[in-house]
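# What the coordinates show
Each chain, letter by letter, is given below.
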Amino acid sequence: MEKWFVTNKHADFEGIAARFGIDPVTARVIRNRDVIGYEAIHEFLKGGTECFHDPMRMKGMDKAAGIVKEKIAEGKKIRIMGDYDIDGIMSSYILKRGFAELGADADIRIPDRITDGYGMSERMIREAHEDGVDTIVTCDNGISAGKEIALAKSLGMTVVVTDHHEVLHFPEEADAVVDPKQEGETYPYTELCGAGVAWKLILALGGDPEMKLLQFVAFATIGDVVALTGENRVMVKEGLRRLHHTDNPGMLALSGISGVDINSVGSYQVGFVLGPCFNASGRLDTAMLGLDLLFAENEEQAGIIARKLSDLNDSRKRMTEEGVAEASAMVEQEKAGGEKVYVIFLPDIHESVAGIIAGRIREKYHHPTIVLTRTEKGLKGSGRSTENYNMFEELSRVEPLMTKFGGHPMAAGLSLEEENLEAFRKELNEKCALGKDDFYEKVKVDMVLPLSKVTSKLTDELRHLEPFGTANPRPLFAAKDVHIRNPRVLGAKRNVFRGIAYFPDGRRLDVISFNNVEELARKAAAGSVMITYYPDFNEFMGRKNLQAVITHFH
């Protein structure tokens, strides 16, 4: 089920359009993204690296940078401890490259997803001590590692935490903590991903003056699905421009194997084609494989590693499809309990795909979903949430039933003993305040815009609002009483709808859809339809045709 909502935020759209030389439709879309005031609008439309905030405004940055600078000067051995997802991989790479350029003796360790779990582990701390490490610098983790940090301190090591996750228990044991989510934060923007925070540390140390590492920050920002607003959005926009001209052999090899044109790669290609290959390394093998790709020194070496990552991602896709089918069957048969929050136990899946399966179930049924599997150390899993359910806060309310958890409002990872599963499911649902109306897909429309108003100029202009993603979705419009001629379903899998809309002035517009196409064809053949859509260009063999892409219909 779905409900359509037309966003109705007010502003002087004509005045904004005149001041910035844009269409009033574009002005309305920008306002719908809560971009308010001429300065913010200018940054949204034209902002570049000059919009970046001074990293020294971040709480704890002066102390963290001072410690690292001193350790580099003294030639102390530094170990970077990242995480096994795309953000952790990119964060680790950024710190290693940045530290190396500053003359540091630094290496990287990434936890093993199965044996270590998320973040630093006791094993990793003891290994660092045995290896003569003086200082540990975390990235994309550490804010919840008070116990492990205390162990490192007891062994005589210095610990600097850089993270971006929500703070449940502040790690007082650390020598310095940089996390824009910590209490008393003074930085103007708090939605950075782990790579963004790590890069800010490099800048605070005087590194990366040409911002060559920004391409990897952009990659992580998209891949970690954080908000593409404010500084994040500018980072991604500027980082993608640098990625288009990358000289990194690994990035070039992976894009080639994946069939992606590196010269025009955008947020979609990073989020759904290239990024999952890095995540697959941490899920099914070791995230160090992803780092090996980034550090590859030549085309041949990079090509071998890129092929391994691509093959791992193919395996991950197969495992995911099997898990989604099993989880869907449980929901349909009400084996998930018919709850407000789905807690689905799939004992035989690979724990690394639990989060992906949870996300797919959430998308299909519009319920917050947690998928758990059995491991040697109890149950482990991941959750994906809906906009009206803060998963991190809700899990905090049942913390005693878990052995470990962490995450964001929209996603979380957790562990618990199998004997606590039913109590966890019951208590989580009893404390859930969601009502029946919260389980519809909410389709947010920017405005009602007849198809006849779609032009190449407007479509080009809307493209300049990219990169699209969390908190900056692709502009979506609604149109009533749309008559589509020659409706047909195409493709070997019959998964593409095509038709033509004609207007009184003689103009025409191609329409296309990939959603529920058989039903759309029937409705279009029977009469008019109401649609939501976005304007786009169909570019093929040097030809560029305007079209409307239908996403939903009644």
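Below is a summary of the structure that appears in this document. (Residues numbered from 1 in each chain as written. Predicted model: local features only at pLDDT ≥ 70, side-chain atom pairs only at ≥ 80, totals over all residues. Heavy atoms only, no water.)

## Topic: the pattern of salt bridges
Enumeration over the complete set of coordinates arrives at 37 salt bridges. Across the pair aspartate 34 and lysine 9 runs a salt bridge whose closest N-O atoms are separated by 2.7 Å. Of the two residues, aspartate 34 sits in the loop between α2 (24–32) and α3 (38–46) while lysine 9 sits in the loop between β1 (2–6) and α1 (13–20), which places them 25 residues apart along the sequence. With its nearest N and O atoms 3.7 Å apart, the salt bridge here joins glutamate 461 to lysine 457. Of this pair, glutamate 461 and lysine 457 are both found in helix α18 (residues 456–463), 4 residues apart, which corresponds to roughly one turn of the helix. By relative accessible area, which is 13% here, glutamate 461 ends up buried. (Salt bridge = Lys/Arg side-chain N within 4 Å of Asp/Glu carboxyl O. Helix = DSSP H or I, 4+ residues; strand = E, 2+ residues; numbered from the N terminus. Buried < 20%, exposed > 50% of the residue type's maximum accessible area, 1.4 Å probe, protein only.)

## A few points about the side chain of arginine 316
Take arginine 316: it is sitting in helix α14 (residues 299–332). Put simply, arginine 316 is tucked away with no salt bridge, and the nearest opposite charge, on glutamate 321, sits 6.8 Å away. Setting aside residues up to four positions removed in sequence, arginine 316 forms contacts with Pro276, Arg283, Leu284, Val353 and Ile356. (Lys, Arg positive; Asp, Glu negative; His and termini not counted. Contact = heavy atoms within 4.5 Å.)

## What about the sheet that holds strand β14 (residues 477–482)?
The mixed open sheet is built from 7 strands, whose spatial order is β13-β14-β18-β19-β17-β16-β15. Single-partner strands in this sheet number two, and they are β13 (447–448) and β15 (485–490). Here β15 pairs with strand β16 (residues 496–502) via 4 bridges, running antiparallel. Looking at β16, one finds that arginine 488 is bridged to arginine 498. Together, β14, β18 (529–540) and β19 (543–553) form the strand contacts of α18, whose direction differs from that of β18 by roughly 85°. In the packing of helix α19 (residues 517–526) onto the sheet, the strands contacted are β15, β16, β17 (508–513), β18 and β19, and the crossing angle to β15 comes to about 165°. (Pairing = 2+ DSSP bridges. Axes fitted to C-alpha atoms, helices over the stretch in contact; angles between N-to-C directions.)

## A short note on the nonpolar core
Membership of the largest hydrophobic core comes to 77 residues, with the highest contact counts inside it found for Met90, Leu95, Phe99, Trp199, Leu201, Phe219 and Phe278. Filtering out sequence-adjacent residues up to four positions away, leucine 95 remains in contact with Ile80, Val137, Thr138, Cys139, Ala198, Leu201 and Ile202. With 43 residues, the next largest nonpolar core counts Ala27, Leu458, Phe468 and Phe503 among its residues. (Core = buried A, V, L, I, M, F, W, Y, C linked by side-chain atoms within 4.5 Å.)

## A short note on the sheet that holds strand β6 (residues 176–178)
Strand order across the open sheet formed by 5 strands is β3-β2-β4-β5-β6, with parallel pairing between neighbours. Edge positions in the sheet fall to β3 (105–109) and β6, since each of these pairs with one other strand and no more. Within the sheet, the average angular offset between the axes of one strand and its neighbour, ignoring direction, is 20°. Here strand β4 (residues 135–138) pairs with strand β5 (residues 158–162) via 3 bridges, running parallel. Counterpart to isoleucine 136 in the pairing with β5 is valine 159. On the sheet, helix α4 (residues 61–73) packs against β2 (77–81), β4, β5 and β6 and is oriented at approximately 120° with respect to β6.

## Section: unusual backbone geometry
Glutamate 466 connects to proline 467 through a cis peptide bond whose omega is 5°. With respect to the helices and strands, the residue proline 467 is situated in the loop between α18 and β14.

## What about the packing of aromatic side chains?
Taken as a whole, this structure holds 9 aromatic pairs when the rule is applied. Plain terms: the ring middles of phenylalanine 20 and tyrosine 38 are 6.0 Å apart, the flat faces sit at 55° to each other, and that makes the pair tilted. Taken together, the residues span a long stretch of sequence, with phenylalanine 20 in helix α1 and tyrosine 38 in helix α3 at a distance of 18 residues. Exposure remark for tyrosine 38: the relative accessible area of 40% places this residue in the partly exposed category. Pairing phenylalanine 392 with phenylalanine 405 gives two aromatic rings, centres 5.6 Å apart and planes at 35°, and the pair type is tilted. With phenylalanine 392 in helix α16 (residues 391–396) and phenylalanine 405 in strand β10 (residues 404–407), this pair connects stretches of sequence that are 13 residues apart. Taken individually, phenylalanine 392 and phenylalanine 405 each receive the classification buried, so the pair is uniform in this respect. (Phe/Tyr/Trp six-rings, centres within 6.5 Å; stacked < 30°, edge-to-face > 60°.)

## A closer look at the environment of glycine 230
In this structure, glycine 230 sits in helix α10 (residues 230–243). Measuring from C-alpha to C-alpha, the distance between glycine 230 and glycine 542 comes to 34 Å, with 312 residues separating the pair along the chain.

## Things to note about the packing of helix α12 (residues 267–284) against α14
Following both chains from N to C, one finds α12 and α14 inclined at 75°, their axes separated by 8 Å at the closest point. Considering their axes alone, α12 and α14 lie roughly perpendicular with respect to each other. Together, Pro276, Cys277, Ala280, Ser281, Arg283 and Leu284 of α12 and Leu309, Ser310, Leu312, Asn313, Ser315, Arg316 and Met319 of α14 make up the contact between the two elements. Broken down by class, the residue content of the contact of α12 with α14 amounts to 7 nonpolar, 4 polar and 2 charged. (Parallel < 35°, antiparallel > 145°, perpendicular 65-115°, else oblique. Nonpolar A, V, L, I, M, F, W, Y, C, P; charged D, E, K, R; others polar.)

## Some remarks on the pairing of β4
A regular strand places its side chains on the two faces of the sheet in alternate fashion. Neither face of β4 is open: one carries Thr135 and Val137, the other Ile136 and Thr138, and all of them are buried. With 4 bridges connecting them, β2 and β4 associate as parallel partners. Within the sheet, the bridge partner assigned to methionine 81 lies in β4 and is threonine 138. A crossover links β4 with its parallel partner β5, the connecting element being helix α7 (residues 146–154), and its sense is right-handed. (Right-handed = clockwise from strand over helix to strand, strands pointing away.)

## With respect to α10
For α10, which comprises 14 residues, the first-to-last C-alpha distance of 20 Å matches the rise-based estimate of 20 Å (1.5 Å per residue) to within 8%. Buried residues of α10: Glu231, Asn232, Arg233, Val234, Met235, Val236, Lys237, Glu238, Gly239, Leu240 and Leu243, and no others. Contacts made by the buried residues of α10 are with α3, α8 (194–204), α9 (214–223), α11 (249–258) and α12. (Expected span 1.5 Å × (residues − 1).)

## What to know about the packing of α2 against α18
Two elements in contact, α2 and α18, have axes separated by 10 Å at closest approach and are oriented at 25°. Of the possible angle classes, the one that applies to α2 and α18 is roughly parallel. Our pair here, α2 against α18, has a crossing hand that is right-handed. Contacts between α2 and α18 pair Val25, Thr26 and Val29 from the former with Leu458, Glu461 and Leu462 from the latter. Counted by class, the contact of α2 with α18 contains 4 nonpolar, 1 polar and 1 charged residues. (Left-handed = near helix turned anticlockwise from the far one by under 90°.)

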